[in-house]
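# Examining the three-dimensional arrangement
Read off the chains here:
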Amino acid sequence: RDVEDVREEEEQPVSEDEKEVARLRIKVALLEDEKGFAELVLEGLEGELEEVRERCQAFEEDNATLRDALADQKQKVRELAVEAVAKEEDFNQRGNTAQHQAALLGEARAAAFSLKMELAASERREEQLREAAALHAESPSKELGRER
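Each residue is numbered by its place in its chain's sequence as written, counting from 1. Thresholds applied to this predicted model are a pLDDT of at least 70 for local features of residues and 80 or more for the giving and counting of side-chain atom pairs; totals over whole chains, interfaces and linings are not thresholded and use all residues. Excluded from the side-chain calculations are hydrogens and water; all other atoms, namely the structure's heavy atoms, are used.

### Quick word on a nonpolar patch on the surface
Our working rule: Patch rule: a residue counts if its relative accessible area is over 30% and it has no salt bridge; like charges are joined within 9 Å, and nonpolar side chains (Val, Leu, Ile, Met, Phe, Trp, Tyr) within 5 Å. Areas reported here follow the Shrake-Rupley algorithm with a probe of radius 1.4 Å; residue values treat only the protein chains shown as occluding. The salt bridge criterion pairs a side-chain nitrogen of Lys or Arg with a carboxyl oxygen of Asp or Glu, the two atoms within 4 Å. The secondary structure listing takes helices from DSSP runs of H or I that are at least 4 residues long and strands from runs of E that are at least 2 residues long, numbered from the N terminus. Per-residue accessibility, obtained with a 1.4 Å probe over protein chains only, is compared with the maximum for each type, and a residue is labelled buried under 20%, exposed over 50%, and partly exposed between these values.
A cluster of nonpolar side chains, contributed by Phe 37, Val 41 and Leu 45, occupies part of the molecular surface with about 300 Å² of accessible area. The residue Val 41 is located in helix 2 (residues 16–147) in this model. A relative accessible area of 38% means that Val 41 is categorised as partly exposed.

So this is what it looks like as structure tokens:
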């Protein structure tokens, strides 16, 4: 039946207005198809845009986490620098103290050596005085013995 209707329409003369209406209907159908395609593309782009927004949000969160971690690391570096300076000062102080103690030990050793030398010299003088006293003691005895 449809085929017959089409044949009948083909056999009937078509006016220019009818031709224009047919062309406009075709244009409307094409525009509706394009509109449907554009809507599909728009939906796809909106989906992609939402994915990009989610990735941006995740990136911002990661960035905030990294900034916090960097701030923590900077704080730790500052603390370590302060600790290093304190240790260096302590080391220098101990070094100075050790140098001072070494100098005092050297002075004490020199003084001990000097005292040891003086003691040895004193002992030699004492020995010499004993010998001299012994010689002197023998000499008057001999002189007294002669006189007798």
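The rest of the description comes next.
### What to know about the pattern of salt bridges
With the rule as written, the count across this model stands at seven salt bridges. Its salt-bridge partner being Glu 16, residue Lys 19 comes within 3.6 Å of it at the nearest N-O pair. Residue Lys 19 and its partner Glu 16 are both found in helix 2; the two are separated by three residues, about one turn of the helix. Taking the relative accessible area as the measure of exposure, Lys 19 reaches 37% and is therefore partly exposed. Where Arg 130 meets Glu 127, a salt bridge forms, and the shortest distance between an N and an O atom there is 3.7 Å. With Arg 130 and Glu 127 both in helix 2, this residue pair falls three residues apart, about one helical turn. Exposure remark for Arg 130: the relative accessible area of 49% places this residue in the partly exposed category. Taking relative accessible area as the criterion, Glu 127 reaches 38% and is therefore assigned partly exposed. One salt-bridge network, held together by shared partners, links Glu 126, Glu 127 and Arg 130.

Coordinates in, geometry out; function isn't part of it.
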